[in-house]
Amino acid sequence: MSNKEVIVSISLGGRDIRVGKLWFYIRGARESASFEYDKNWLRHPEKFAIDPALKFTEAVTFRIVVA
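Residues numbered from 1 in each chain as written. Predicted model: local features only at pLDDT ≥ 70, side-chain atom pairs only at ≥ 80, totals over all residues. Heavy atoms only, no water.

Colleague: I'd love a proper account of the environment of Lys-39, names of residues and values included.
Modeller: Mapped onto the elements of the fold, Lys-39 is located in helix H1 (residues 39-43). Taking relative accessible area as the criterion, Lys-39 reaches 47% and is therefore assigned partly exposed. Measuring from C-alpha to C-alpha, the distance between Lys-39 and Glu-58 comes to 6.6 Å, with 19 residues separating the pair along the chain. (Helix = DSSP H or I, 4+ residues; strand = E, 2+ residues; numbered from the N terminus. Buried < 20%, exposed > 50% of the residue type's maximum accessible area, 1.4 Å probe, protein only.)

Rendered as structure tokens:
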């Protein structure tokens, strides 16, 4: 099993802003990922969903990818 965490940020108005965290999980031939929006991003006046499939919430959102 292998796991990797990635910090997701964007450049907005010349500033880097943390949007959330993305986790990758690899278990044999199966791969999956989960994403969590940063609480400060959810309160940001220019916030937007980075993907329509990811719910715009503080909860961790799962999106399964099978290899």
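Colleague: An account of the side chain of Asp-38 is requested, with residue identities and associated values reported.
Modeller: Among the secondary structure elements, Asp-38 is positioned in the loop between strand E3 (30-37) and H1. Residue Asp-38 is classed as buried on the basis of its relative accessible area of 17%. With sequence-adjacent residues up to four places away left out, Asp-38 is seen in contact with Arg-18, Val-19 and Gly-20. (Contact = heavy atoms within 4.5 Å.)

Colleague: Could you give me a rundown of the packing of aromatic side chains, with the residues and numbers involved?
Modeller: Here the structure, examined in full by the defined rule, presents three aromatic pairs. Note on Phe-35 and Tyr-37: the rings are 4.9 Å apart at their centroids and 90° apart in plane angle, and the pair reads as edge-to-face. Judged by its relative accessible area of 3%, Phe-35 is buried. In this structure Tyr-37 comes out as buried when scored by relative accessible area, which is 3%. (Phe/Tyr/Trp six-rings, centres within 6.5 Å; stacked < 30°, edge-to-face > 60°.)

Colleague: Let's hear about the pattern of salt bridges: which residues, and what values?
Modeller: Following the criterion strictly, the structure yields one salt bridge and no others. Among the ionic pairs, Arg-18 bridges to Asp-38, the shortest N-O distance being 3.5 Å. Of the two residues, Arg-18 is situated in strand E2 (residues 15-27) and Asp-38 in the loop between E3 and H1; the sequence distance between them amounts to 20 residues. (Salt bridge = Lys/Arg side-chain N within 4 Å of Asp/Glu carboxyl O.)

That's the geometry; what it means functionally is another story.
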